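A structural walkthrough
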Amino acid sequence: MPDTIAAISTPFGEGAIAVLRTSGPRAVEIAGAAYRGKLPVTEMRARVQHFGTVFDGDQKLDDVLLTVFRAPHSYTGEDIVEIAGHGGVLVARRILEVLLRSGARSAEPGEFTQRAYLNGKMDLTQAEAVMDLISAQTDLALLAAGEQLAGRLGERIRGLRESVVELLAHVEAYIDFPDEDIDPDTGEALLRKLDAARAGMEELLATAERGKVLREGVRTVIYGAPNVGKSSLLNVLLGQERAIVSARPGTTRDVIEEVINLRGLPLRLIDTAGVRESDDEIERAGMERTRHQVERADLVLQVVDAHEEPVKPETSAILVLNKIDLGEHPGWRGVEGVRISCLKGDGIESLADTIAARVTGGAGTQRDWSLAINARHADCLRRARDFAGAAREALTSGLSPEFVAEELRGALDAVGEIVGKADNEEILGKIFSTFCIGK
Ligand SMILES: Nc1nc2c(ncn2[C@@H]2O[C@H](COP(=O)(O)OP(=O)(O)OP(=O)(O)O)[C@@H](O)[C@H]2O)c(=O)[nH]1
Ligand SMILES: [Mg+2]
């Protein structure tokens, strides 16, 4: 029998309310020991809030609202009691201590959700989506997390898995009759099915890039010579005076990082020290950091001063010609780039369009971004795709069905791992350790 866990589920700090949760076979009993109200906790109707008081022995701790959820109709699939009290750090802590003393154990990060998964309330992709939802920083990220939480990705994966199961069953039928080779007609049909499954894998894999963008943001480095207006650009895009701007070249020395929401895309903007020859030790350390950031960037905005002599544009960067209000140097004529003025605010919308187009591959975010796999899914799918490719090889080169079946089983396991068919402590540990305690 699993133990009963408890945690404060609201963030640490003072707030209007704090919610504690306890889940497990003894949840009702444990919460009941600390609570006094009109009805004992054991007699409460599920999912109805009751007003009462939590005591530590004879000492009154807090007036609370208490709700019982009965297995299996709860988040975890176990009995859950939720206690909403006043949002003080100490008072919540004291209520938790009472629950722990009555026999609950402190919950590990993500343990409530892990139990939900283990009890079949959700698959692994849905459990992961819980965290995506909590950490979403833009509407697009929220949309994708919501769809995944609703099970849309899980459905696709199960469909894929189903088609591999069918293939495998078909091939295994031949293994049972050792004298028979797969006849050409059947071979053709199998190939078609196999290729459809592979296409399905590729289709999902193609969403990995946007999954990374939505979850981690686009690392966008603002790069260029001193004094061209890099920090000004950061401030304009951010909508606040975050970085120091001054007419003196070499103002920014450290790396400044802020996340913004650009057309629904989370952009991790990184302002850097201007790059030039310098004897100043601190400035040179700053430039070293700039170089390091450029190496790790998903996208580089190369800022130049439009009214100065042209410099050579970087090939993969978006060229941003700033200070266009001062006029454009004839040398820039015909050069492709976004012309802006941070001072006047001109051209910023068009820069945002250019960035969004680059990030979304020109298709815009109108395209369906609600399906966006994460790095773990991508890793599983790549393995599945390779196994499926090997199965195809085996099939077309006339190897005996055993070999085909072996590869298909590999593909099946890899696909299954995405939703959690292949239970593995290590995988679960990795996923749930990123959660907050109490979730
Ligand atoms: N006229 C004009 N001046 C601008 C514009 N953008 C920035 N500046 C000015 O250019 C100077 C340098 O701006 P910063 O944003 O500090 O430039 P930076 O590239 O961050 O400079 P470093 O941090 O030294 O590398 C400041 O005096 C800004 O007010 C613009 O669009 N037009
Ligand atoms: Mg600067």
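Scroll up a little and you will see the structure.
Anyway, here's the lowdown on the structure attached to this text.

Reading guide: rules and limits
Residues numbered from 1 in each chain as written. Chains lettered and ligands numbered in written order. Predicted model: local features only at pLDDT ≥ 70, side-chain atom pairs only at ≥ 80, totals over all residues. Heavy atoms only, no water. Core = buried A, V, L, I, M, F, W, Y, C linked by side-chain atoms within 4.5 Å. Buried < 20%, exposed > 50% of the residue type's maximum accessible area, 1.4 Å probe, protein only. Helix = DSSP H or I, 4+ residues; strand = E, 2+ residues; numbered from the N terminus. Contact = heavy atoms within 4.5 Å. Pairing = 2+ DSSP bridges. Axes fitted to C-alpha atoms, helices over the stretch in contact; angles between N-to-C directions. Parallel < 35°, antiparallel > 145°, perpendicular 65-115°, else oblique. Left-handed = near helix turned anticlockwise from the far one by under 90°. Nonpolar A, V, L, I, M, F, W, Y, C, P; charged D, E, K, R; others polar.

Most often, soluble globular proteins have nonpolar side chains that are buried together. Leu233, Leu301, Ile318, Ile340, Leu351 and Ile355 are the most contacted members of the largest nonpolar core, which totals 35 residues. In terms of residues, this core owes the most to one element, helix H11 (residues 348-359), which gives 6 residues. For Ile340, the residues in contact, after removing those within four places along its chain, are Leu233, Val320, Leu321, Asn322, Lys323, Ile324, Asp346, Gly347, Ile348 and Leu351. Formed by 33 residues, the second largest nonpolar core is a distinct cluster that contains Met201, Ile373, Ala384 and Ala405.

The subject of this paragraph is the sheet that holds strand S11 (residues 299-305). With mixed pairing, 6 strands are arranged side by side in an open sheet as S9-S10-S8-S11-S12-S13. The open sheet has two edge strands, strand S9 (256-262) and strand S13 (338-339), and neither has a second partner. Across 7 bridges, S9 lies against strand S10 (residues 265-271) in antiparallel orientation. Each bridged residue has a counterpart across the sheet, and for Ile260 the counterpart in S10 is Leu267. Packing against the sheet, helix H8 (residues 208-216) makes contact with strand S8 (218-224) and S10, and its axis sits at approximately 65° to S10.

This part covers the packing of helix H12 (residues 375-396) against helix H13 (residues 401-419). Any two packed helices are characterised by how steeply their axes cross, that is the angle between the axes, and by the distance between the axes. Two elements in contact, H12 and H13, have axes separated by 8 Å at closest approach and are oriented at 165°. Looking at the two axes, H12 sits roughly antiparallel to H13. By crossing handedness, the relation of H12 to H13 is classed as left-handed. The segment H12 lies against H13, with Arg376, His377, Cys380, Leu381, Arg383, Ala384, Phe387, Ala388, Ala390, Ala391, Ala394 and Leu395 engaging Phe403, Val404, Glu407, Leu408, Gly410, Ala411, Ala414, Val415, Glu417 and Ile418. Of the residues belonging to the contact of H12 with H13, the class tally is 16 nonpolar, 2 polar and 4 charged.

Right, let's talk about unusual backbone geometry for a bit. Following Ala71, the chain continues to Pro72 via a peptide bond in cis, the omega torsion being 0°. Relative to the assigned elements, Pro72 resides in the loop between strand S5 (59-69) and strand S6 (80-87). With phi around 50°, Arg263 is a residue other than glycine that occupies positive phi space. Here Arg263 shows up in the loop between S9 and S10. Despite not being glycine, Lys323 has its phi angle at roughly 60°, a positive value.

Everything listed here is a matter of geometry and, on its own, says nothing about what the molecule does.
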